[in-house]
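# Structural overview
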Amino acid sequence: MALKLYNTLSLKKEEFKPLKNKKVGLYTCGPTVYNFVHIGNLRTFIFEDILRRTLEHNNYQVKHVMNITDVGHLVSDENEGEDKIEKSAREQKKTAWDIAKFYTQEFKKDIADLNIEPAQIMPRATDHIKEQMALIKILEKKGFTYKTSDGIYFDTSKFKKYGKLGKVNIKGLKAGARIKKGDKKHHTDFALWKFSPQLGSRQAHRQMEWSSPWGIGFPGWHIECSAMAVKYLSQPFDIHTGGIDHIPIHHQNEIAQSEGAYDKPLANYWMHGEFLVIDKKKMAKSESNFITLKILKEQGYHPLVYRFFVLNAHYRTQLNFSWEAMESAQAGLEHLYNQVSNLKSKNLKLTSKNIDKKFKQKFLNAINDDLNTPKALAVMQELLKSRLVTDDCKLATILDFDKILGLKIKESLVSIKIPEKIKKIAEERLEARQNKDWNKSDILRKKINQLGFKIKDTKDGYTLKKS
Ligand code: AMP
Ligand code: ZN
């Protein structure tokens, strides 16, 4: 099946057609490095990783760029308040540069833990001030800009298609109290360049500032993506991604800047991941509901359990986080690892000729249908239960699926230390429980204990540990 992706531009699933034969340019908005990323942010990065791996599995050569926002993102997503990095530096009594460096490193560790392939190019906004200024100059020449007391602004009334992404209701946005107008001409206008606060004001001592034709200051948040995307991918490129919160403001503004400057589309496909929520509320760094990967690890969950949890939901549906759900995901992943390690085949150097074509097609039909990972996981279970496929072929096919899923199934086969004998008894016991044969289940539990292991029942199966 041809690859189909949901495009926020058309609000439809579309067949993916690259600009250049078999080469894909992919731009994903990266983290703002003033704090640890939370597991909501990481959900979006996992979705983007699945997209990249799916493209690669469809034989596309992907050039992936993910920016690091280390300047210009203000406390409110608009042009208000302090720069997030500068604020964090002030609070932690460190330099803004140290803050950005530290949280960039932590972000890279988190994505490595989650088996997310890092983008080949991860440019920092502060390394591209010249490019951002050059783009603002083009916009200035073309009459898109005006000056206020605190910066150079983009006049959104001059960009006729403003709001085209996701058919956002701009009138509604203007009416909303969320965006303050101040001395801007229109509510939706946004800063391209902000002047450093004058000495004497409360935020007077900015650490990150540059001279520019408009005065000493720093770039607005949106301009970095427009400038770095065209530098590394040229314009137009194929796919631009981010979380859905970027649709009404950040991506609308990227489009206005890039398309205003060069009179051609910025990207052909725009894809957005839905939120991770907790008690129906978006997980956000500014809320008290903020959970990091470190917290998950401290609670005893392997990062791949979180990846598995995320893959069990489609990227365009909201996903609710709870500790019970993590417990189920843990049992589910352990069960999967056990199922695979119970296959009689132990030949890990399986060749592609062992891959079962029918199941591979089924799996690709699921994943190529706008990255339907829950369905893809169901196909994997169907394969594991099939009586028509040999263990050798099952293993080869699952390891092939895992190139997209990224659950490190091959590594788990090598690292699982639970002996085969124990795993077999555990599976037998699971079957007994499913048949409500509590007596047999009890006997098998004792047997496992006697052999030096502990089995814990969970909603979806069990976990095994050495006692
Ligand atoms: P930020 O560091 O705030 O720029 O966000 C990094 C990425 O995470 C962006 O693509 C956001 O859209 C995304 N994001 C933010 N909050 C959530 C959430 N609760 N669930 C999923 N993605 C999110
Ligand atoms: Zn961006």
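Please read these numbers as outputs of a predicted model, since none were measured by experiment.

## Some thoughts on the site of ligand 1
Residues in close proximity to ligand 1 total 18 residues, the closest being G40, T44, D245, L276 and M283. A distance of 3.0 Å separates a nitrogen atom of ligand 1 from a polar backbone atom of G40. One nitrogen or oxygen atom from the side chain of T44 is found 2.6 Å from a nitrogen atom belonging to ligand 1. Out of a free accessible area of 500 Å², ligand 1 has 95% covered by protein chains. Every element with two or more residues in the shell around ligand 1 is listed here: α1 (39-57) and β9 (237-243). Tallying contributions element by element places α1 first for the shell around ligand 1, with four residues. Here the residues of the shell around ligand 1 sort into five nonpolar, nine polar and four charged. Lining the shell around ligand 1 are residues from two domains, each supplying at least three of them: domain 1 (4-273) and domain 2 (278-412).

## A few points about the sheet that holds strand β11 (residues 276-278)
Pairing is mixed across the open sheet formed by three strands, whose spatial order is β12-β11-β13. The sheet is open, and its two borders are formed by β12 (281-282) and β13 (319-320), each paired with just one other strand. Alignment of β11 against β12, held across two bridges, turns out to be antiparallel. By the bridge assignment, I278 is partnered in β12 with K281.

## Focus on the coordination of the zinc ion (ligand 2)
All of the protein donors around the zinc ion (ligand 2) are C29 (SG), C225 (SG), H250 (NE2) and E254 (OE); their distances to the metal are 2.1 to 2.3 Å. For the zinc ion (ligand 2), the four donor atoms are set out with angles of 81 to 130 degrees between them, so the coordination reads as irregular. The motif formed by the donor residues of the zinc ion (ligand 2), counted along the single chain, is C-x195-C-x24-H-x3-E. Of this pair, C29 sits in the loop between β3 (23-28) and α1 while E254 sits in helix α7 (residues 250-262); the two residues are 225 residues apart in sequence, bridging distant segments of the chain. For the pair shown, C29 and E254 are each scored as buried.

Procedures and definitions
Residues numbered from 1 in each chain as written. Chains lettered and ligands numbered in written order. Predicted model: local features only at pLDDT ≥ 70, side-chain atom pairs only at ≥ 80, totals over all residues. Heavy atoms only, no water. Near = heavy atom within 4 Å. Polar contact = N/O pair within 3.5 Å; in protein donor to acceptor, adjacent residues only side chain to side chain. Areas by Shrake-Rupley, 256 points an atom, 1.4 Å probe, with all protein chains shown as cover. Helix = DSSP H or I, 4+ residues; strand = E, 2+ residues; numbered from the N terminus. Nonpolar A, V, L, I, M, F, W, Y, C, P; charged D, E, K, R; others polar. Domains from an automatic or database assignment. Pairing = 2+ DSSP bridges. Donors = N, O, S within 2.8 Å, 3.2 Å for Na, K, Ca; no water. Tetrahedral: all angles 85-135°; square planar, octahedral: opposite > 155°, others 65-115°. Buried < 20%, exposed > 50% of the residue type's maximum accessible area, 1.4 Å probe, protein only.

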